[in-house]
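Per-entry structural report
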Amino acid sequence: MARMTAAAAAVAILDREGVTHAFGLPGAAINPFYAALRSHGGISHVLARHVEAASHMAEGYTRVRAGNIGVCVGTSGPAGTDMITGLYSASADSIPILCITGQAPVARLHKEDFQAVDIASIAAPVTKMATTVLEPAQVPGVFAQAFHLMRSGRPGPVLIDLPFDVQLAEIDFDPGTYEPLPVYKPAATRAQIDKALDLLGRAERPLIVAGGGIINADAADLLVAFAELVNVPVIPTLMGWGCLPDNHPLMAGMAGLQTAHRYGNATLLESDFVLGIGNRWANRHTGGLETYRRGRAFVHVDIEPTQIGRVFAPDYGIVSDAGAALGLFVQAAGERRRAGRLPDRDIWVKECQERKRTMLRRTHFDDVPIKPQRVYEEMNRAFGPETRYVSTIGLSQIAAAQFLHTYRPRHWINAGQAGPLGWTVPAAIGVCAGDPDAQVVALSGDYDFQFMIEELAVGAQFSLPYIHVVVNNAYLGLIRQSQRGFDMDYCVQLSFDNVNAPELGGYGVDHVKVAEGLGCKAIRVFQPADIAPAFERAKELMAEFRVPVVVEVILERVTNISMGTELDNVVEFEELAARKEDAPTAIALLD
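The following paragraphs examine the structure supplied in this document. (Residues numbered from 1 in each chain as written. Predicted model: local features only at pLDDT ≥ 70, side-chain atom pairs only at ≥ 80, totals over all residues. Heavy atoms only, no water.)

Moving on to the overall build of the chain. Looking only at helices and strands, one finds 24 helices and 21 strands in the chain. Considering only C-alpha atoms, the chain reaches an extent of 70 × 70 × 45 Å along its principal axes. Relative to its 591 residues, the chain shows a buried fraction of 59%. For the chain, the proportion of contacts with a sequence separation of at least 24, taken over those separated by at least 6, is 75%. Looking at the chain as shown, the accessible area adds up to about 22,200 Å², and 52% of this sits on carbon and sulfur atoms. Between the centroid of the 51 positive side chains of the chain and the centroid of its 66 negative side chains there is a distance of 5 Å. (Helix = DSSP H or I, 4+ residues; strand = E, 2+ residues; numbered from the N terminus. Buried < 20%, exposed > 50% of the residue type's maximum accessible area, 1.4 Å probe, protein only. Contact = heavy atoms within 4.5 Å. Areas by Shrake-Rupley, 256 points an atom, 1.4 Å probe, with all protein chains shown as cover. Lys, Arg positive; Asp, Glu negative; His and termini not counted. Charge placed at Lys NZ, Arg CZ, Asp CG, Glu CD.)

As C-alpha cells, this is what we get:
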C-alpha cells in the first residue's frame, strides 16, 4: 500500500474525480495541501486576489460545462468565511463546487488559536456537507463522499476543512484503485410520465416552464425534442434561459416581474396548463401566486423532493432528475404521436408567436447620454450565438435579460437566487478557465464592477481574456428605482467630481485607468454611434494582448427599467416599439 500525506491523498482524489483547475489563495494553514498540489503537478491553479472571488471563479468554472466541479482553496479563518457568499450562491442555484480550507491543528481547535474558527458550522446552512476532518485516515472517505454528494440529487456545494496536522499526517492510500462513488439521481416512472401527459393532453393552451435543472442535467436537447413532439411553447426561467434557442418557434419568452419579456408574461397569463421541469417557482418569476395560478393547472417535475409543494401545491408532482424525466417524456410522447393521440396545438402556437412578434420593447435610441437599451441592441449585433454572457444583478442584468439573445445552454451564466454584487468579474474568469476558446462577454453596472474589480488582474496574469461591458450611470440603479416607492433617492449616488479625471463630468471612478493599472485594456464610450466600433476594437485588443478588455459605456444617470409587482402589472417606463426600426435586433421583427 502506498504511503503518503493525507494532503497528497486529497490531491490524488481530486485528480481521479476529474478536477483539472483550482482557484484560491495559499496561506500558512493550507500550505501542506499546496505542497501536495505542487508535487502532483496535474491541476492548474489560478491565484485569486480575494478569497470570495476564488469561490465565484469556481462557480463560473462549474457552470460553463456539464460535469465540471470547480474547486476553491483557502487558508484558515477569514478565508473560509470569505467564501461563504460563494457557497451560498452555489447552493441557491444548485451548483456543485468544492471549498477546501486549512485549519489550526486539531489540539488547538478549542483554544481560540489564531484564525481558528468553526467554519464547518458556519458553512453548514449553505452546503450539502461541511465538515472538519479530525482523523487523517478519514480524508479519502470524506473526499469521496463530497463528490458523491455534490453530484447526487439536487447538486450543490461542499466544504472540507483540513487541520494543519491532519494534512501532514501520513496514511496508507492507493490512488490507482480509487473509484468515485456511484451517483444517485431520482428518476420518474413511466406511469408518472403518462399521467402528466394525460393532463397535458386535456389542456387547450399549455406551456412548459423550463428551469435551471434542465441545464444542470445537460438535457436541453431532450427538452427541445419533447417540446417539438407535443408542439407546446416553452417559457424558460432565468436559470433555464438558453435551454432552447431564442429564435426557436416554440420559444415563448421569459415571464416574471423583472427579467422577462412582455410577450412571455402575456402568453403565460393566457395559458391554462403549465408543466414545470427543473424549476423552483421563484418569486420574481411568479409574482403574486393568486395571479400566477389563476385559471391554470400545474404539474411540477423536480429532482428535490422538498421542492414539490414548497411554493404552492401543484395538481401533480413528480420527483425526478430533469434528464431522466425528459427522456421518458420524449419516449412516451413519441409513441402517442405515432398513434395519433396528440392534440393539434397549431392555433395556440401561432397566437404565442404573434405576441412574440408584436409585443416588443424599444431598444433604438440616439440619446446622449446613452440610454442602456441601445447598448444591448449593439451587443446583439456585435456578439454572435456562440457568445457566453456572464452577469449577476442590477438594472444592467435585468435589462440584459429583456433585450439580449441566448441560443445555447450555459451561454447565459448568472447568479440567480443570491445575486451577490461583485460576482461577475471572478465568475467570468472561471468561465474563461473552463472554456478557454469561448468568446466570453461579461456585463456589469458600475457598482457590481467596483466590488471585485481587483480580479481583473487575475485575468491579465493568467491570460484569461474576455470582454467586460460596464454600463456606468454612477448610481446603485436598481436600489434607486426601488426607492421610488419610498419617495427618496438616498445613499445610492456613486457620482463625484474625480479630480484626476475631469472628462468624466461627475461620474466618479475612472474605470479605464483602474483597469489599465491592473494590466488590462479599456475603452470608454460617450456616443451611441461609438458603441459598435468599441466592441470591435475590444475584440482586437483581446486577441492581441490576451487580457480582459473593459468597454465602459457612459449612460444617462436615471433610467427606469420595466418591472412590476404582478405579471399583469409590469410598468413600462419607455415608449414601446411600434415599428421594426424601434427594435431592430429583436428576434421577430415588426412589420
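Here the focus is the pairing of strand β4 (residues 70-74). Sheet faces and side chains relate simply in a regular strand, where the side chains alternate between the two faces. The buried fraction of β4 amounts to five of the five residues, a majority that puts the element mostly inside the structure. The two faces of β4 match: Gly70, Cys72 and Gly74 on one face and Val71 and Val73 on the other face are all buried. As paired elements, strand β2 (residues 21-24) and β4 share two bridges and run parallel to each other. In the strand pairing of β4, phenylalanine 23 is matched with cysteine 72. Relative to strand β5 (residues 97-103), β4 runs parallel, the two being bridged by five bridges. By the bridge assignment for β5, glycine 74 is matched with threonine 101. (Pairing = 2+ DSSP bridges.)

Of all six residues in strand β12 (residues 297-302), five are buried, a share of seventy percent or more. Sheet topology places strand β11 (residues 273-277) next to β12; five bridges connect them, and they run parallel. By the bridge assignment, glycine 276 is partnered in β12 with histidine 300.

Attention now goes to the sheet that holds strand β19 (residues 549-554). Neighbouring strands of a sheet are bound in pairs by backbone hydrogen bonds; such pairs are parallel or else antiparallel. Spatially, β15-β14-β16-β17-β19-β18 is the arrangement adopted by the six strands of the open sheet, whose pairing is parallel. A strand with exactly one partner marks an edge of an open sheet, and here the two such strands are β15 (412-414) and β18 (521-525). For this sheet, the mean angle separating the axes of adjacent strands, direction not counted, is 20 degrees. Two elements, strand β17 (residues 467-472) and β19, share six bridges in a ladder whose sense is parallel. Opposite valine 470, over in β19, you have glutamate 552 as the bridge partner. Packed onto the sheet, helix α17 (residues 372-382) meets β14 (388-391), β16 (440-445), β17 and β19 and runs at close to 165 degrees relative to β17. (Axes fitted to C-alpha atoms, helices over the stretch in contact; angles between N-to-C directions.)

With that settled, the discussion passes to the packing of aromatic side chains. Tallied over the entire structure, the rule returns 13 aromatic pairs. Seen from their ring centres, phenylalanine 383 and phenylalanine 535 are 5.1 Å apart, and the 50 degrees between their planes marks the pair as tilted. Of the two residues, phenylalanine 383 sits in the loop between α17 and β14 while phenylalanine 535 sits in helix α24 (residues 531-545), which places them 152 residues apart along the sequence. The buried category is assigned to phenylalanine 383, whose relative accessible area is 3%. Both rings, one in tyrosine 447 and one in phenylalanine 451, keep their centres 5.1 Å apart while their planes meet at 80 degrees; by these two values the pair is edge-to-face. Here tyrosine 447 and its partner phenylalanine 451 are both found in helix α20 (residues 446-451), four residues apart, which amounts to about one turn of the helix. Taking relative accessible area as the criterion, phenylalanine 451 reaches 41% and is therefore assigned partly exposed. Above the face of the tyrosine 316 ring, lysine 195 is positioned so that its terminal group lies 5.4 Å from the ring centre. (Phe/Tyr/Trp six-rings, centres within 6.5 Å; stacked < 30°, edge-to-face > 60°. Lys NZ or Arg CZ within 6 Å of the ring centre and 35° of its normal.)

Treat this as a map of the structure, not an account of what it does.
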